[in-house]
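Given next are the chains, with one letter for each unit.
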Amino acid sequence: MNNLNDTLPSLMDRATENLEPVSTDLLDRTVQQGLRLRRRRTTLLSVTGAGAVLATAGLVAGGIQLLGTPSEASVSGTPVPIVTPTPLAKPAAGTPQQALATLKRLIAAPGRTLSEPTVHGSAKGGFIGASYLVDDGNGASLVEVMLSADGTANPCFGGGPGCTTNPDGSSMYSSSDEPEYSDARNEQYGVFLNRVELSYPDGRYIGLVNYNGPAEKGIKHTRAKPLFTAAQLATMARSKTWKFPAATAVKPSTTDKPSANRKGR
């Protein structure tokens, strides 16, 4: 097929050969204008087609970006391996220093002076202990704590006076205004104490004692009553901040009775 741009002038010449044009210049200008319009239309169609191609390419690229690369798709389809969590390690055994720090936090308060901190026992020995001398301005008062985990210190095996059982299965022994001596020595020194002993079914034990003097024995009392009541000591004993020593191989005796080995010492 011949190019329409080339044949258009000859076609128009034949169509007008028997006519008497007003001006040959008008014919020439008409032909040239037609050619320009056709070229412009052809150019416009070409640009429009190119724009459509670019838009289609953009949509395809955008879809690929949203869906991710093939490598990403393969990764997302890969099953996630199930990781078994590592069992939590058992809490480390408590030390006498930790017992002292916990005791301090529980008894410290505005207006109280804490002095003469002591520690005793060891995790290896199966028990740990600590003490503080507390003075609220009304006389010094010794506070002691002992912790173990083998069940040997439970004073409530078989029940007995002063023992109660808690909903969690633990037992609490409580005593108030208990004389340190059971003979005439207590008239001489006048030392009294408040005491609680909390024992858990798994063998953990914590005992707290508070005296109305600066020492357990051999010195006169410095205040009428111990600083802390048995109820206050019981609240301290139930604190979850205590760290117990590791349990030993020693088995508890079921013949022990509450306070049987304290009086008359």
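Draft legend 1. How the structure looks around the overall build of the protein. Regarding its fold elements, the protein presents 6 helices and 7 strands. Ordered by position from N to C terminus, the α and β elements of the protein give α-α-α-α-β-β-β-β-β-α-β-β-α. Across the 265 residues of the protein, 31% fall into the buried class. Within the protein, counting contacts between residues at least 6 apart in sequence, those at least 24 apart form 60% of the total.

Draft legend 2. Molecular detail of the side chain of Glu178. Counting through the fold element by element, Glu178 comes out in strand β5 (residues 171-179). Overall, the relative accessible area of 3% leaves Glu178 in the buried class. A polar atom in the side chain of Glu178 sits 3.3 Å from the side chain of Arg195.

Draft legend 3. View of the pairing of β5. When strand β4 (residues 163-165) meets β5, the two strands line up antiparallel, connected through 3 bridges. Bridging from a neighbouring strand, Cys163 pairs with Tyr173 of β5. Of the strand pairs in this sheet, β5 and strand β6 (residues 192-199) are connected by 7 bridges, and their pairing is antiparallel. In the sheet register, Pro179 faces β6, and the bridge partner there is Phe192.

Draft legend 4. Examining helix α4 (residues 96-107) more closely. Counted at 1.5 Å a residue, the expected span for α4 with its 12 residues is 16 Å, and the 17 Å between its end C-alpha atoms agrees. Of the positions making up α4, those classed as buried are Pro96, Ala99, Leu100, Thr102, Leu103 and Ile107. Projected down its long axis, α4 shows its buried positions confined to an angular sector of 165°, all on one face. Away from its buried face, by an angle of more than 90 degrees, α4 presents the exposed residues Gln97 and Arg105. For α4, the secondary structure elements touched by its buried residues are β1 (113-122), β2 (127-135), β3 (140-148), β7 (205-211) and α6 (230-237).

Draft legend 5. Expanded view of the packing of aromatic side chains. Following the criterion strictly, the structure yields 1 aromatic pair and no others. Seen from their ring centres, Tyr200 and Phe244 are 6.5 Å apart, and the 85° between their planes marks the pair as edge-to-face. Of this pair, Tyr200 sits in the loop between β6 and β7 while Phe244 sits in the segment after α6, placing them 44 residues apart in sequence. For Arg204, the ring lying beneath its charged end belongs to Phe244, and the centroid distance is 5.2 Å.

Draft legend 6. The arrangement of the sheet that holds β7 in detail. The antiparallel open sheet is built from 7 strands, whose spatial order is β1-β2-β3-β7-β6-β5-β4. Looking at which strands have only one partner, the edges of the open sheet turn out to be β1 and β4. Strand after strand, the sheet turns through a mean of 15° between neighbouring axes, direction not considered. Across the sheet, α4 is in contact with β1, β2, β3 and β7; its angle to β2 comes to roughly 35°.

Draft legend 7. Structural context of the state of the cysteines. Under the criterion given, the structure shown has 1 disulfide. With a sulfur-sulfur separation of 2.0 Å, Cys156 is cross-linked through a disulfide to Cys163. What sets the handedness of the Cys156 and Cys163 disulfide is the S-S torsion sign, and at about -90° it is left-handed. Given the relative accessible area of 21%, Cys163 is considered partly exposed.

Draft legend 8. View of the nonpolar core. Counting 26 residues, the largest nonpolar core has Leu103, Val145, Leu147, Val196, Ile206 and Leu208 as its most contacted members. Listed by contribution, the elements that provide at least two residues to this core are α4, β2, β3, β6, β7 and α6. If you tally residues by element for this core, the top one is α6, at 5 residues. The next biggest cluster of nonpolar side chains, apart from the first, holds 9 residues, and it includes Ala140, Leu142, Tyr181 and Val191.

Draft legend 9. Main features of the pattern of salt bridges. If you walk through the whole model with that rule in mind, you get 6 salt bridges. One salt bridge connects Asp202 with Arg204, and the closest N-O pair in it is separated by 2.9 Å. Assessed through its relative accessible area of 29%, Arg204 is described here as partly exposed.

Draft legend 10. A look at the environment of Gly126. Structurally, the position occupied by Gly126 is in the loop between β1 and β2. Put simply, Gly126 and Pro245 are 119 residues apart on the chain and 6.3 Å apart in space, counted from C-alpha to C-alpha.

What counts, and where the lines are drawn
Residues numbered from 1 in each chain as written. Predicted model: local features only at pLDDT ≥ 70, side-chain atom pairs only at ≥ 80, totals over all residues. Heavy atoms only, no water. Helix = DSSP H or I, 4+ residues; strand = E, 2+ residues; numbered from the N terminus. Buried < 20%, exposed > 50% of the residue type's maximum accessible area, 1.4 Å probe, protein only. Contact = heavy atoms within 4.5 Å. Polar contact = N/O pair within 3.5 Å; in protein donor to acceptor, adjacent residues only side chain to side chain. Pairing = 2+ DSSP bridges. Expected span 1.5 Å × (residues − 1). Arc of directions from axis to C-beta. Phe/Tyr/Trp six-rings, centres within 6.5 Å; stacked < 30°, edge-to-face > 60°. Lys NZ or Arg CZ within 6 Å of the ring centre and 35° of its normal. Axes fitted to C-alpha atoms, helices over the stretch in contact; angles between N-to-C directions. Disulfide = S-S within 2.5 Å. Core = buried A, V, L, I, M, F, W, Y, C linked by side-chain atoms within 4.5 Å. Salt bridge = Lys/Arg side-chain N within 4 Å of Asp/Glu carboxyl O.

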